[in-house]
Each structure stands twice: as structure tokens, then as C-alpha cells.
Amino acid sequence: MTTTPPTDRILADGPFAGLDPDALSEPARRAILEASQDFRDVLAGRAPSFARSDQEAPLPADGGSRGYVGRGYKLWVCRSLSSFGDVRGYVYGPVLNFDEDIAPGNERSLADTRFYTAARLQALLAGT
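Quick caveat: nothing in here was measured; it's all calculated off a predicted structure. (Residues numbered from 1 in each chain as written. Predicted model: local features only at pLDDT ≥ 70, side-chain atom pairs only at ≥ 80, totals over all residues. Heavy atoms only, no water.)

Q: If you had to explain the overall build of the protein chain to someone new, which residues and values would you point to?
A: Regarding its fold elements, the protein chain presents 3 helices and 6 strands. Overall, the protein chain shows an N-to-C arrangement of helices and strands of α-α-β-β-β-β-β-β-α. Here the protein chain holds 128 residues, and the buried ones make up 39% of them. Taking all contacts inside the protein chain whose residues are at least 6 apart in sequence as the whole, residues at least 24 apart take part in 46%. Accessible surface, the protein chain as shown: approximately 7,400 Å² in total, 51% of it carbon and sulfur. (Helix = DSSP H or I, 4+ residues; strand = E, 2+ residues; numbered from the N terminus. Buried < 20%, exposed > 50% of the residue type's maximum accessible area, 1.4 Å probe, protein only. Contact = heavy atoms within 4.5 Å. Areas by Shrake-Rupley, 256 points an atom, 1.4 Å probe, with all protein chains shown as cover.)

Take a look at the structure:
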């Protein structure tokens, strides 16, 4: 895995609004920072920077979802065939699930999924 990303860049627009990573233990800080970067990568249509493919994740049968494992978290990149009314497309986005030692509270999951037409998702994944 690559080095831990800088704090100010990630927490400004990542999934942890207002969180001061310096208040965390080193393992929790690293997990939060790396998961935040992976979350942002997926929202931008890129592969995660830190988490690696989860060889034990179930095979996708839904349009291309993929599982990844990071230090202290799992990342599910949802890419599920979906329809709203007569419009077909995909629900796409990151779903983070943290290990209990990183997130011991009631909720250990964060997600940001959205509906995309096939053309819009293709453009996002192509970086255009």
C-alpha cells in the first residue's frame, strides 16, 4: 500500500466532516485517512488508492460490483444494474465498512451511491 495521504486534502471533502484525525490513535487515523481517499477515488470513477481486491468477496452478479480490503476497513464498490421508471442504468458508489476496533459505535458503515445512466457512468469511469 502507498503512504498515508495528507490530512487536510481528504477531510475537507471526504466522508468525515469535521473529524480531526490527530485526535485518533495511529491505526484509526491511518484507516480513516486511507478509507477517505478510497471513498473519494470511487466517487470520481477511479480505482481505490489503498484498498486491494478482496479475493474472498462474493462474485458480483449485479452489474460489476467489487469488494476491496483496506487496513481496518472493507470497501464495496457498488455497481448494480437498476431502473427508475423506464430508465435503465446503474446505482454506483462506495460503501465503507469499518472493523469494530476502528469504529466501535453503533454504525460502522458509510455510503454514497447514486443512479447513473449507462452513458453517464461510462463517462465517469473514463474520466471525462
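Q: Describe helix α2 (residues 26–43), naming the residues involved and giving the relevant values.
A: Think of an α-helix as 3.6 residues a turn; residues three or four steps apart then line up on the same face. Across its 18 residues, α2 extends 26 Å between first and last C-alpha, which sits within 8% of the 26 Å expected from 1.5 Å per residue. Most of α2 sits inside the fold, with 14 of its 18 residues counted as buried. Just past α2, the residue Gly 45 takes up positive phi, approximately 85°. (Expected span 1.5 Å × (residues − 1).)

Q: Give me the lowdown on the packing of aromatic side chains, citing residues and values where you can.
A: For the coordinates displayed, the defined rule picks out 4 aromatic pairs. Here the aromatic rings of Phe 84 and Phe 115 are separated by 4.9 Å at their centres, their planes lie at 75°, and the arrangement is edge-to-face. In this pair, Phe 84 sits in strand β3 (residues 73–84) while Phe 115 sits in strand β6 (residues 114–117), placing the two residues 31 residues apart along the sequence. Taking the relative accessible area as the measure of exposure, Phe 84 reaches 49% and is therefore partly exposed. (Phe/Tyr/Trp six-rings, centres within 6.5 Å; stacked < 30°, edge-to-face > 60°.)

Q: Requested: an account of the pattern of salt bridges, with residues and values cited.
A: Summed over the entire model, instances satisfying the criterion amount to 7 salt bridges. Here Arg 30 and Glu 26 are joined by a salt bridge, their closest N and O atoms 3.5 Å apart. Pair noted here: Arg 30 and Glu 26 are both in helix α2, with a separation of 4 residues, about one helical turn. Judged by relative accessible area, which is 40%, Glu 26 ranks as partly exposed. Close ionic contact of Arg 108 with Glu 100 constitutes a salt bridge, the shortest N to O distance being 3.9 Å. Among the residues examined, Arg 108 registers a relative accessible area of 35% and is labelled partly exposed. (Salt bridge = Lys/Arg side-chain N within 4 Å of Asp/Glu carboxyl O.)

Q: I'd love a proper account of the nonpolar core, names of residues and values included.
A: Ranked by internal contacts, the top residues of the largest apolar core, which has 22 residues, are Tyr 73, Leu 75, Tyr 92, Leu 96 and Phe 98. With residues up to four places along the chain from it excluded, the contact list for Phe 98 reads Phe 16, Ala 31, Ile 32, Ala 35, Gly 72, Tyr 73, Ala 103, Arg 108 and Leu 110. (Core = buried A, V, L, I, M, F, W, Y, C linked by side-chain atoms within 4.5 Å.)

Q: I'd like to hear about the side chain of Asp 41, residue by residue, with values.
A: Locating Asp 41 in the fold gives a position in helix α2. Excluding its chain neighbours within four sequence positions, the residues that come into contact with Asp 41 are Arg 46, Ala 47, Pro 48 and Ser 49.

Q: Any details on the pairing of strand β4 (residues 87–98)? Residues and values, ideally.
A: Summarising burial for β4: 9 of the 12 residues are buried, a large majority. Sheet analysis places β3 next to β4, joined by 12 bridges and oriented antiparallel. Pairing of Cys 78 across the sheet is with Gly 93, part of β4. Where β3 folds back onto β4 in an antiparallel hairpin, the turn is made up of 2 residues, including Gly 85, whose phi is positive at roughly 65°. Here β4 runs beside strand β5 (residues 109–111); their pairing, made up of 3 bridges, is antiparallel. (Pairing = 2+ DSSP bridges.)

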